[in-house]
Amino acid sequence: MQWETVIGLEIHAQLSTQSKIFSASATTFGAEPNTQASLVDLGMPGTLPVLNAEAVRMACQFGLAIDAEIAERNVFARKNYFYPDLPKGYQTSQMDQPIVGKGFLDITLEDGTVKRIGITRAHLEEDAGKSLHEDFHGMSGIDLNRAGTPLLEIVSEPDIRSAKEAVAYVKAIHALVRYLGICDGNMAEGSLRCDCNVSVRPVGQAEFGTRAEIKNVNSFRFIEKAINHEVQRQIELIEDGGKVVQETRLYDPNKDQTRSMRSKEEANDYRYFPCPDLLPVVIERSFLDELRTGLPELPPQKRERFESQFGLSTYDASVLSASRELADYFEVVEKTCGDAKLSANWVMGELSSLLNKEGLEIEQSPVSAEQLGSLILRIKDNTISGKIAKMVFEALAAGEGASADEIIEKKGLKQVTDSGAIEAMLDEVLAANAEQVEQYRASDEAKRGKMFGFFVGQAMKASKGKANPGQVNELLKKKLEG
Amino acid sequence: MHQLTLAEIARGLADKQFSAEELSRSLLARIAQLDPQLNSFITVTEDLALEQAKAADARRAAGENSPLLGAPIAHKDLFCTNGVLTSCGSKILTGFKAPYDATVVEKLKAAGTVTLGKLNMDEFAMGSANESSHYGPVKNPWDTSRVPGGSSGGSAAAVAARLLPAATGTDTGGSIRQPAALTNLTGIKPTYGRVSRWGMIAYASSLDQGGPLARTAEDCALLLGAMAGFDSKDSTSVDQPVDDYLASLAQPLAGLRIGLPKEYFGAGLDARIGEKVMAVVEELKKLGATVKDISLPNMQHAIPAYYVIAPAEASSNLSRFDGVRFGYRCENPKDLQDLYKRSRGEGFGAEVKRRIMVGTYALSAGYYDAYYIKAQQIRRLIKNDFVAAFKDVDVILGPTTPNLAWKLGEKNADPVSAYLEDIYTITANLAGIPGLSMPAGFVDGLPVGLQLLGNYFQEGRLLNVAHQYQQVSDWHKATPAGF
């Protein structure tokens, strides 16, 4: 049987406010345990929450960016359950009146097609603390520094059909919140966390299968692996005559498998009700209008501009607009060299693989956008060949010179375009390979074509790559035919 | 000295008839001597009191002359007081010394009051008899075999017995007004949002409101003026200037329009209480008031609505008492569930557990709409009744309680009969309007309380009516025998 995968994602984005959502404590990551927990964060009797206006502003910005309905009135509710790192015994969240309503986000798939993913809602809530199970001799420690950190929970429609689409969607959300400057997107530190709702159904079936929720999958790679694993598990289960049960599962990256955490029957009844300590939040139209005017150019608009202004493919344009920093880098390269296509190729090619290899972010690139732009200029004006350019790029990355020109000069990499010099060099090459020349001249067209490459290779080798490849081709042909 | 009201103390201190230290020493001695009969204090803060009294005397010597400077008071034991046990009358807060002052405590401190201690109360303010305290029941000074009312029963008993001139209390369904009525005091529950709830340990957040209990309306005006005001730490506090309550006391009652709701004088009311209340109405007429019969048709639904909303909020508010971070923790928990179950099972008393269970049930999936949502709808109807009534009248008048103070233990077997004692007071909390109880006479030697309800932020008008009545009556001056 053919199976279709159905995925909906819940993404928790930590908002990068200075202070917590309901108290004045700082939100810096990595501080000594419980040094950033005020009376409110500790759930001290008698303490009360006061809403951080900055968190509301950020949530509204997100709402505007996904073309969502933003209700005039939203309400905080209490989600009641007991857990040691949940100091009040309830999480202040939003239930039936969230701040951000229905919206959507367009994602670009690997084949360049654009898919629209519906966003059901996004709501504000407070994060819990952390339980620490090591170093306490069989007991547990509790760190409440994170308790009360503002979160925006972004819930997608079940519009996603594969693990790859899920990753593309999370990447798009990641890019968006970073463009907006409302979340640092640091997945390793938990600033962006993802729960995946996964189900399968026979192709053509209208109703959804029973879903399992995979909790807290914290990297793009793990999202893909966890979903693929879960899909496989569900298909095998059903094909073996079993049934998927609605449950929460945990992904174990070490074993690359998911395991059951709790079933629907064990699920808490959270007894949501409006939080009586907080008033409903009223959002004025004028406030939204002001925010809308202040929004930066967002990934979808940037992608479209890259396509129309630079003639890039949808895929290239979406890769380059995926992060604000990458897009900015690309635009400087393009401006410096005036060639968008070459700029895109270099940024997505050599530069990306260098950064990947070194584990660096674009902001940390050892080759600046101006350096790369000037390097591309030298390809365009035939000072160096593409192949030599790669050498120059590596030298720039290694810090062997301040500019492409300096390295070309210092290493003597300037392309040889003097036809006399090239002819002399070719004569030497042909003399050294007299036997092959004989064979070539005795062969038919088809065979000659294959052998020609051999001579080009020998010639480039002899010139240490510096000979202008176009001229080499042309002159070599003349000499061999002649 | 113990017979002096706050206003008289202010004059005495200003005239240097006595010092704040002398006054505090005298009252502390009286507490030590008499409170064993009443059990109104959970903690007596003698050292703190003397230190504050000396500081007040020094401030006065330096020329300061504010009315509450050196005035001795005490706080209901749910107001957090920095470094002092704040118990809520519960075992679960065993050893909990609050690390901060409630806004009310801070404001009264700044005004120069001297804190004599922390007062007994129904556990987590849940009760109408002050019998649910982990620290034992409080007795009514008018008859120590009877209850003083609750939940601010310690505050009421201590002030009625002249152990101190005034105290703070809180009122969620009548917890200031009902004990005031049962002990011959004046007490006011302000408009919801008038007094900050920061540091006031919550029972039911949307209903709780702090206020004073004293022997006169004037003293309530004095104290409330210092307690009230906007607080940026409480999102439900209202950013509106505080009226000058003392200034409003003197206004004549000519032209005052009083509404008498028929629902307050029907079945269930002790007829002798009704007579006393109507006698006061006659006196108010002589002072120039006019009277109109009115109706508050949704009052009959108030008790069921209250006993859904208050326990629902309480079930969530009390979740933080889990044995993890502060207060009581059970011995040798074997795992997390055991820690929760036994800490809470052993730490909470029966009435608190009953309300947590009721509230948990009311909020449960499948019941929420039928109970919580329905109760909120009733709440809106009750509020609308008042809004309509206040178009025609300035104050609504009736009895504070349907019955006189009952015997200790009398209603323990039947919680619902105790819940019904709140029938006249609960509506003000549901609507968020201010309510005041004042002495209206005695039946069989037991005090009768009269309640005045006002429109939003009309505390000044309520205090004014009570004060004017107290200028022509003596009920509030009566002292319980033996005190």
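These numbers come from a predicted model, not from an experiment. (Residues numbered from 1 in each chain as written. Chains lettered and ligands numbered in written order. Predicted model: local features only at pLDDT ≥ 70, side-chain atom pairs only at ≥ 80, totals over all residues.)

### Section: the overall build of chain B
Each helix and strand in chain B was counted, giving 16 helices and 11 strands. Against the globule reference of 23 Å for 483 residues, chain B gives a C-alpha radius of gyration of 21 Å, in line with a compact fold. When the backbone C-alpha atoms are referred to their principal axes, chain B occupies close to 65 × 55 × 45 Å. The buried share of chain B, reckoned over its 483 residues, is 60%. Of all intrachain contacts in chain B linking residues separated by at least 6 positions in sequence, the fraction that spans at least 24 positions is 76%. (Helix = DSSP H or I, 4+ residues; strand = E, 2+ residues; numbered from the N terminus. Rg over C-alpha atoms; globule rule 2.2 N^0.38 Å. Buried ≥ 20, exposed ≤ 12 C-beta atoms within 10 Å, placed from the backbone. Contact = placed C-beta atoms within 7 Å.)

### Remarks on the overall build of chain A
Looking only at helices and strands, chain A features 15 helices and 15 strands. In terms of its C-alpha atoms, chain A occupies a principal-axis envelope of roughly 95 × 55 × 55 Å. A burial count over chain A gives 40% of its 482 residues as buried. The contacts of chain A with a sequence gap of at least 6 include a subset with a gap of at least 24, amounting to 69%.

### What to know about helix H2 (residues 20-38) of chain B
Residue and element names in this part refer to chain B. Taking 1.5 Å per residue as the helical rise, H2 with its 19 residues ought to reach 27 Å, and the 25 Å between its terminal C-alpha atoms agrees with that figure. Of all the bends in H2, the greatest reaches close to 40° and is centred on Ala 32; the proline Pro 36 follows between one and four positions later. Turning to H2, the residues buried within the fold contact helix H1 (6-14), strand E1 (41-44), helix H3 (46-61), strand E2 (72-76), strand E3 (114-119) and helix H5 (153-160). (Expected span 1.5 Å × (residues − 1). Bend = angle between axes of the 7 residues up to and from the residue.)

### As for the sheet that holds strand E4 (residues 90-93) of chain A
The strand order across the open sheet formed by three strands is E4-E3-E14 (chain A), and the pairing between neighbours is antiparallel. The sheet is open, and its two edges are formed by E4 and strand E14 (273-274) of chain A, each paired on a single side. (Pairing = 2+ DSSP bridges.)

### Overview of the environment of Leu 404 of chain B
Residue and element names in this part refer to chain B. By the element assignment, Leu 404 lies in the loop between strand E9 (395-399) and helix H14 (415-419). C-beta crowding within 10 Å serves as the criterion here: with 21 such atoms nearby, Leu 404 is assigned to the buried category. Distance in space between the C-alpha atoms of Leu 404 and Val 443 is 8.0 Å, their sequence separation being 39 residues. Leave out the neighbours within four places in its chain, and Leu 404 touches Asp 270, Val 443 and Leu 446.

### Remarks on the environment of Gln 91 of chain A
Residues and elements named next belong to chain A. Locating Gln 91 in the fold gives a position in strand E4. With 19 C-beta atoms packed within 10 Å, Gln 91 lands in the partly exposed category. C-alpha of Gln 91 to C-alpha of Glu 361: the two residues are 270 residues apart in sequence and 35 Å apart in space. In this structure, Gln 91 is in contact with Lys 79, Leu 86, Glu 125, Glu 126 and Ala 128, ignoring residues within four places of it in sequence.

### Some remarks on the domain arrangement of chain A
Per the domain assignment, the segments of chain A are domain 1 (3-290), domain 2 (297-411) and domain 3 (419-481). Centre-to-centre, using C-alpha coordinates, domain 1 of chain A lies 63 Å away from domain 3 of chain A. (Domains from an automatic or database assignment.)

### Remarks on the sheet that holds strand E1 (residues 3-14) of chain A
All names here are of chain A. Spatially, eight strands are ordered E5-E6-E9-E1-E10-E11-E12-E13 in an open sheet, and the strand pairing comes out mixed. The open sheet has two edge strands with one neighbour each: strand E5 (103-108) and strand E13 (257-263). On average, each strand axis in the sheet is tilted by 30° relative to the strand beside it, whichever way the strands run. Both strand E10 (residues 192-202) and strand E11 (residues 212-217) contribute to a ladder of four bridges, which runs antiparallel. Across the sheet, the residue bridging to Val 198 is Ala 212, located in E11. (Axes fitted to C-alpha atoms, helices over the stretch in contact; angles between N-to-C directions.)

### What to know about unusual backbone geometry
What you tend to see is this: most non-glycine residues have negative phi, and most peptide bonds are trans. Cis geometry marks the peptide bond from Gly 150 of chain B to Ser 151 of chain B; its omega dihedral reads 5°. Here Ser 151 of chain B shows up in the loop between E3 and H5. Within the chain, Asp 67 of chain A stands out as a residue other than glycine whose phi angle is a positive 55°. Summarising the element assignment, Asp 67 of chain A is placed in the loop between helix H1 (53-65) and strand E2 (73-74). Residue Asp 67 of chain A is classed as exposed on the basis of its C-beta count, with 12 C-beta atoms lying within 10 Å. In this structure, Phe 124 of chain B is a non-glycine residue whose phi angle is positive, near 55°. Relative to the elements of secondary structure, Phe 124 of chain B occurs in the loop between E3 and H5.

### Section: the nonpolar core
Ala 158, Val 159, Leu 164 and Leu 463 of chain B are the most contacted members of the largest nonpolar core, which has 150 residues in total. Top contributing element to this core by residue count: helix H10 (residues 302-317) of chain B, with nine residues. Once residues within four sequence positions are removed from consideration, Leu 463 of chain B is found in contact with Ile 188, Ala 217, Cys 220, Ala 221, Tyr 245, Ser 248, Leu 249 and Leu 436 of chain B. If you look at the next biggest cluster of nonpolar residues, it comprises 99 residues, including Leu 9, Ala 166, Ile 223 and Ala 404 of chain A. (Core = buried A, V, L, I, M, F, W, Y, C linked by C-beta atoms within 7 Å.)

### A word on the packing of helix H7 (residues 324-337) of chain A against helix H9 (residues 369-380) of chain A
Residue and element names in this part refer to chain A. Between H7 and H9, the least distance of the axes is 8 Å, while the angle of their chain directions is 40°. Looking at the two axes, H7 sits oblique to H9. Helix-helix and strand crossings are classified by hand; for H7 and H9 the assignment is right-handed. Across the interface between the two elements, Tyr 329, Val 332, Val 333, Thr 336 and Cys 337 of H7 pack against Ala 369, Glu 370, Leu 372, Gly 373, Ser 374, Ile 376, Leu 377 and Lys 380 of H9. By residue class, the composition of the contact of H7 with H9 is eight nonpolar, three polar and two charged. (Parallel < 35°, antiparallel > 145°, perpendicular 65-115°, else oblique. Left-handed = near helix turned anticlockwise from the far one by under 90°. Nonpolar A, V, L, I, M, F, W, Y, C, P; charged D, E, K, R; others polar.)

### Remarks on the pairing of E11 of chain A
Residue and element names in this part refer to chain A. Where E11 and strand E12 (residues 247-252) come together, four bridges link them in parallel fashion. Counted as the bridge partner of Lys 215 is Leu 250 from E12. For the handedness criterion, the β-α-β arrangement of E11, helix H3 (residues 220-239) and E12 is classed as left-handed. (Right-handed = clockwise from strand over helix to strand, strands pointing away.)

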